[in-house]
Every structure is written in structure tokens, then in C-alpha cells.
Amino acid sequence: MAPNRIASPQKPGKPLKRAFFGRSVLEVAPDLIGATFLVDGVGGIIVELEAYHHTEPAAHSFNGPTARNQVMFGPPGFIYVYRSYGIHWCINFVCEKRGSASAVLIRALEPTHGLATMRRRRKLHDERLLCSGPGKLTEALAITHAQNGLPLDVPPIALYARTEKPAIVTGVRIGITKAVELPWRYGLKGSKFLSRPF
DNA sequence: TAGGCGATGGTCT
DNA sequence: GACCATCGCCTAC
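The structure presented is a predicted model; accordingly, all values stated were derived computationally and were not measured. (Residues numbered from 1 in each chain as written. Chains lettered and ligands numbered in written order. Predicted model: local features only at pLDDT ≥ 70, side-chain atom pairs only at ≥ 80, totals over all residues. Heavy atoms only, no water.)

**Side note on the environment of Thr55**
- Along the chain, the position of Thr55 falls in the loop between β2 (42-52) and β3 (79-84).
- Here Thr55 falls in the exposed class, since its relative accessible area comes to 54%.
- Among the polar contacts made by the side chain of Thr55, one reaches the side chain of His53 at a distance of 2.8 Å. (Helix = DSSP H or I, 4+ residues; strand = E, 2+ residues; numbered from the N terminus. Buried < 20%, exposed > 50% of the residue type's maximum accessible area, 1.4 Å probe, protein only. Polar contact = N/O pair within 3.5 Å; in protein donor to acceptor, adjacent residues only side chain to side chain.)

**Here we look at the protein's contact with DNA strand C**
- The local shell around DNA strand C holds 20 residues, among which Tyr82, His88, Asn92, Arg122 and Gly175 are the closest.
- When the atoms of DNA strand C within 4 Å of the protein are sorted by group, sugar and phosphate make up 61%.
- Arg122 has a polar side-chain atom sitting 2.9 Å from a phosphate oxygen of DNA strand C.
- Elements with a minimum of two residues in the surface near DNA strand C: β3, β4 (88-95), β5 (102-113) and α3 (134-140).
- Take the surface near DNA strand C: its biggest share by element is three residues, from α3.
- Looking at the surface near DNA strand C residue by residue, the class counts come to eight nonpolar, eight polar and four charged. (Near = heavy atom within 4 Å. Nonpolar A, V, L, I, M, F, W, Y, C, P; charged D, E, K, R; others polar.)

**Side note on helix α2 (residues 115-122)**
- Along α2, the residues that are buried comprise Leu115, Met118 and Arg122. Looking straight down α2, one finds that the buried residues subtend no more than 65 degrees of arc, so they occupy a single side. In α2, those exposed residues whose orientation departs by more than 90 degrees from the buried face are Ala116 and Arg120.
- Considering only its buried residues, α2 is in contact with β2, β5 and α3.
- One or two residues past the end of α2 sits Lys123, with phi positive at roughly 55 degrees. (Arc of directions from axis to C-beta. Contact = heavy atoms within 4.5 Å.)

**Structural notes on the nonpolar core**
- Judged by nonpolar contacts, the single largest core of 44 residues is most densely connected at Leu32, Phe37, Ile46 and Phe93.
- A per-element tally of this core places β2 first, with six residues.
- Ala59, Phe73, Tyr80 and Ala179 belong to the second-largest nonpolar core, a separate cluster that totals 15 residues. (Core = buried A, V, L, I, M, F, W, Y, C linked by side-chain atoms within 4.5 Å.)

**Structural notes on the protein's contact with DNA strand B**
- With respect to spatial proximity, the complete set of residues near DNA strand B consists of Thr66, Arg68, Tyr85, Gly86 and Ile87.
- Those atoms of DNA strand B that come within 4 Å of the protein belong to sugar or phosphate at a rate of 52%.
- Measuring from a base oxygen of DNA strand B, one finds a backbone N or O atom of Tyr85 at 2.8 Å.
- One nitrogen or oxygen atom from the main chain of Gly86 is found 3.2 Å from a sugar or linking oxygen belonging to DNA strand B.
- Split into classes, the residues belonging to the surface near DNA strand B amount to two nonpolar, two polar and one charged.

**Comments concerning the pattern of salt bridges**
- Evaluated as defined, the whole model comprises 10 salt bridges.
- Between Arg162 and Asp31 there is a salt bridge, with the nearest N and O atoms lying 3.6 Å from each other. With Arg162 in the loop between β6 (157-160) and β7 (168-171) and Asp31 in helix α1 (residues 25-32), this residue pair connects regions lying 131 residues apart in the sequence.
- Look at Asp31 and you get partly exposed, because its relative accessible area is 25%.
- Two residues, Glu48 and Arg185, come together in a salt bridge whose shortest N-O distance is 3.0 Å. You can see Glu48 sitting in strand β2 and its partner Arg185 sitting in strand β8 (residues 185-188), a full 137 residues away along the chain.
- For Arg185, a relative accessible area of 4% translates into the label buried.
- Within the structure, one salt-bridge network assembled from shared partners comprises Arg23, Glu27, Asp31 and Arg162. (Salt bridge = Lys/Arg side-chain N within 4 Å of Asp/Glu carboxyl O.)

Note that every value here comes from positions in space, so none of it alone points to a role or purpose.
Here it is in C-alpha cells:
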């Protein structure tokens, strides 16, 4: 076992299809903890994410469709990428049904595939810091605006179901100023790869 | 170890 | 012109 790993990660399960995302974002979000997310074979296990829905003001879609957020208003199972603070890219998975404009923000991965590639891109050695934040993981996986609107079940994107139900913790979302009270942040209990403790 | 803060640019009002 | 779904460096303790 590698020194920084909390537990031997389970083998990835079956590929997740778009239909997986055609449910309430509050059902999809906890079900994604433990899933394996890869871009061009590089990535890891989802250990932290947040749910956003257009009925609450923290969501990009709250004020209706714009040029930036149009992917959120499309069908579920697609990737919405946006620029954060003018510096970082952040990745979301669109959920529910077309027009529902809900999505989950992927915040942290436990790196399992393509460690050397991620270390080179991040200019870091510490495995715990490679993907421990939304801006970090997009850098490690080389995700940019170029991936905006891509389907989650077609190469180069790959998403695999977990094979066991993990212990999940919840909390309030990070870095927002509106609807701060909603406990829509989900994490893998005890993971050392979170952006912040719960 | 925790907190302050600068970098940097798209989006919306 | 203000607002950010962030990060990492730098201090202070």
C-alpha cells in the first residue's frame, strides 16, 4: 500500500452511461462518490463533489441560460466546464433532465491512473495534492474549455461505477456567498484527498 | 498550522 | 466596473 493511501481502492466497476445522470442531482451526487473518472486514461476516484440546482442562487444557471452556462440547460450526462477566478478551470457533470440546469461540481479525486502524467502537469510530487481541489484536478487531467459539452460516456472521457457503497459525509459548500446553508457537499469519509476536511 | 492576500480574466449588470 | 463554485505563497505565531 502506498504511504498516503487510506485504503486499497476498489477496482472500477461498469462504465456509467448517460442515463445514470437523469435523476435528481441530490441522488446522483452521493452515488458518484467512489466512481472512477478518467480523461485520456488519467484520473482517479471521485472523493468530493457539490450539487448545484438552478432553483438556488449559488448555481450558475439560477438567472437563466447564457452563453457560458448553456451546457447546463442541455441533456444530462454531459460536461460543463467554466473558468473560475480568471485562472482555474472547474468541471461539472450535468444532471436531471434537459432544461433542469442542475449539475455536480467535481472537487477532488484520489489519483489512481496516470500518476506520472499528473505529477508532470501539476509540477508536484505529493499524491495528496495532485487533485485535492476543483482547479487542481482540472490541471492534473488537462481539462479546459475544450472539454465543455463533451458526453461522459464517450472517449476520451470515461466514468466507471463504484463496486461497493462507501461511507459518505456531507457538509455545506465551499467558496460560495449565496445559499451557503445548503448541505450539498458530499465526500468520502476519512479520505486524505479532500480539498478541505468536513 | 492558520490566516492574509495577490494573481488574473470571463461574465454579468 | 464588480463579482467570483481558486490556488499557492508568504507571514505570524
